[in-house]
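Letter by letter, the chains look like this.
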Amino acid sequence: MSACTRMQQQQQTNQQANGNDSLASPRKKQRMSMSSGGSISKVTVVLGAQWGDEGKGKVVDMLAMDADVVCRCQGGNNAGHTVVVEGAEFNFHLLPSGIINPRCKSVIGNGVVIHLPGLFEELEKNEAKGLKNWEDRLVISDRAHIVFDFHQQVDGLQELEKGTQSLGTTKKGIGPTYSSKASRNGLRIGDLLGDFEKFSQKFNTLVTSYQKMFPALHVDVKAELERYKEFSKRIRPYVKETVQYLHQALKDGKKVLVEGANAAMLDIDFGTYPYVTSSNCSIGGVCTGLGLPPSTIGEIIGVVKAYTTRVGDGPFPTELSCSIGELLQSRGHEIGVTTKRKRRCGWLDLPLLKFTTLVNGYTSICLTKLDILDTLPEIKVCIGYRLNGKDIDYFPSSTWELAKVESVYKTIEGWQSTTEGVRSLDKLPLNAHKYIQLIEEYLGVPVKWIGVGAGRESVITL
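Let us look at the structure shown here. Since this is a predicted model, take the numbers as computed values, not measurements. (Residues numbered from 1 in each chain as written. Predicted model: local features only at pLDDT ≥ 70, side-chain atom pairs only at ≥ 80, totals over all residues. Heavy atoms only, no water.)

Regarding the overall build of the protein chain
Phase 1: Secondary structure summary: the protein chain contains 14 helices and 20 strands in total.
Phase 2: Counting across all 462 residues of the protein chain, residues that qualify as buried make up 52%.
Phase 3: With an accessible surface of roughly 21300 Å², the protein chain has 51% of that area assigned to carbon and sulfur atoms. (Helix = DSSP H or I, 4+ residues; strand = E, 2+ residues; numbered from the N terminus. Buried < 20%, exposed > 50% of the residue type's maximum accessible area, 1.4 Å probe, protein only. Areas by Shrake-Rupley, 256 points an atom, 1.4 Å probe, with all protein chains shown as cover.)

Rendered as structure tokens:
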């Protein structure tokens with residue numbers, strides 16, 4: 001082949017390659033744009049890292065001051081979040097704590113189960129305390145399931161049946177409602193706003209199914225349907241298809257904050273089963289409860305109380321059945337917002353927190369109620385478990401095994417000085433610094449906020 005022929009062939013090859021590049025370029029740019037995800041925002045998530053009551057409401061209220069949308073993703077009015085603003089105490093059970101922010105939208109997602117009488121009662125009570133202009137800011141998913149009064153009755157009947165083996169539920173009907181959802185005969189908000197005749201038929205079927213299981217269950221079907229016809233009118237203005245709504249908010253660059261209810265150790269899969277709630281209150285529940293893919297999750301904040309509490313029955317390795325436990329209970333005002341029951345109190349449990357960190361992937365921690373430890377001359381922290389005389393490197397899956405573990409403690413000196421008025425890290429006592437450092441080093445997660453009081457102003461940002 002002559003040099004001239006080879007040159008002509010090379011020119012033709014180059015022309016074809018250039019042509020292909022020019023054709024491929026738009027597609028290449030499109031693929032690059034698609035893979036980069038554009039400028040979509042990331043969701044910030046706040047999760048309870050223990051057995052609940054860690055102070056999530058206060059953390060959400062603080063972060064919601066800079067948020068555009070605050071969401072609840074699971075649970076129901078078995079949750080109780082307290083927020084103190086300028087001396088006024090607001091109690092939320094179904095409403096996202098961010099509803100106090102006058103410029104923030106509040107979304108009750110598809111994973112939440114909603115007791116409508118409880119929702120409207122909650123709104124009225126908080127209005128009386130100063131909640132304003134919520135009507136244009138509340139958004140409710142049409143996929144959220146409805147908790148009926150008979151679900152609550154069934155909850156109580158099931159607890160009675162268990163006798164001494166009862167789980168200590170809140171009797172808010174949460175478990176029976178999720179059970180109805182899983183057995184595919186539950187009713188959703190969208191059903192209520194659709195064909196009311198079909199809603200009535202499904203309601204009758206659901207009531208009948210429960211009456212077969214519990215013959216003593218009495219439901220005035222006619223009265224209940226009339227009641228829910230009125231509820232449908234009241235709730236209609238707030239109902240949307242929230243999956244598209246949230247994705248559009250992220251595309252628009254809005255700051256979206258997710259408020260987890262309950263806590264990691266109450267998660268139906270990863271908690272101390274069966275002493276758990278009926279929903280996934282770990283990071284997976286955020287995705288399924290709002291219709292968000294994992295790729296949209298950004299910061300995951302684990303809220304950790306500076307000691308450990310739990311309500312109801314179940315194993316509790318660091319529980320203090322002594323004067324120190326009573327002191328924590330008294331100083332910490334450890335009374336359940338929802339149940340009004342006294343909370344059991346104990347030392348901080350780091351193996352438990354290590355486990356919930358593995359499950360949830362916390363990127364930072366908010367440590368709350370540090371001030372409750374102010375008066376103690378020494379403080380113990382659980383740094384390990386022993387089972388049958390041997391150290392274990394895992395968190396036990398079964399309650400019978402967890403009940404047998406022996407806690408291994410590290411003792412540090414208390415600071416015995418007040419931290420309530422402290423507003424900067426450098427003003428904290430040295431031993432308080434050591435306490436925080438121990439937590440960070442054990443978990444491998446930075447403490448970003450420290451709570452030293454009830455109000456939103458009593459949070460130290462690191």
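Observations regarding the packing of aromatic side chains
Phase 1: Applying the stated criterion across every chain yields a total of 16 aromatic pairs.
Phase 2: When the centroid spacing of 5.7 Å and the interplanar angle of 70° are considered together, the rings of Phe150 and Phe203 count as edge-to-face. Residue Phe150 is found in helix H4 (residues 149-162), and its partner Phe203 is found in helix H7 (residues 196-213); the two are separated by 53 residues along the sequence.
Phase 3: Using a relative accessible area of 0% as the deciding quantity, one classes Phe203 as buried.
Phase 4: Arranged with centres 5.1 Å apart and planes meeting at 70°, the rings of Tyr228 and Phe231 form a pair that is edge-to-face. Of this pair, Tyr228 and Phe231 are both found in helix H8 (residues 221-235), three residues apart, which corresponds to roughly one turn of the helix.
Phase 5: Look at Phe231 and you get buried, because its relative accessible area is 8%.
Phase 6: Against the face of Phe120 rests Arg234, its NZ or CZ located 3.9 Å from the ring centre.
Phase 7: Residue placement shows Lys380 over the ring face of Tyr409; its charged tip is 5.8 Å from the ring centre. (Phe/Tyr/Trp six-rings, centres within 6.5 Å; stacked < 30°, edge-to-face > 60°. Lys NZ or Arg CZ within 6 Å of the ring centre and 35° of its normal.)

Re the nonpolar core
Phase 1: Core analysis: the biggest nonpolar cluster contains 70 residues, and Val286, Leu370, Leu373 and Tyr435 have the highest contact counts within it.
Phase 2: A total of six residues in this core trace back to one element, the largest contributor, which is helix H14 (residues 430-443).
Phase 3: The residues touching Leu370, leaving out its near neighbours within four places in the chain, are Ala306, Trp415, Thr419, Leu428, Ala432, Tyr435, Ile436, Ile450, Gly451 and Val452.
Phase 4: Core analysis: the next-biggest nonpolar cluster, separate from the first, contains 44 residues, Ile100, Phe150, Ile189 and Tyr228 among them. (Core = buried A, V, L, I, M, F, W, Y, C linked by side-chain atoms within 4.5 Å. Contact = heavy atoms within 4.5 Å.)

A word on the side chain of Arg137
Phase 1: The topology assignment puts Arg137 in the loop between helix H3 (116-128) and strand S7 (138-141).
Phase 2: Buried and without a salt bridge, Arg137 has Glu135 as its closest oppositely charged side chain, separated by 7.2 Å.
Phase 3: There is a polar contact of 3.4 Å between the side chain of Arg137 and the backbone oxygen of Pro102.
Phase 4: Residues contacting Arg137, with those up to four places away along its chain left out, are Gly98, Ile99, Asn101, Pro102, Arg103, Cys104, Lys105, Ser106, Leu131 and Lys132. (Lys, Arg positive; Asp, Glu negative; His and termini not counted. Salt bridge = Lys/Arg side-chain N within 4 Å of Asp/Glu carboxyl O. Polar contact = N/O pair within 3.5 Å; in protein donor to acceptor, adjacent residues only side chain to side chain.)

Observations regarding unusual backbone geometry
Phase 1: The residue after Tyr273, namely Pro274, is reached through a cis peptide bond having omega 10°.
Phase 2: The residue His333 is not glycine, and still its phi comes out positive at about 50°.
Phase 3: Tracing the backbone shows His333 in the loop between helix H11 (323-331) and strand S13 (344-346).
Phase 4: Judged by relative accessible area, which is 64%, His333 ranks as exposed.
Phase 5: The backbone of Lys369 sits at a positive phi, close to 60°, despite the residue not being glycine.
Phase 6: With respect to the helices, strands and loops of the structure, Lys369 is situated in the loop between strand S15 (364-368) and strand S16 (378-387).

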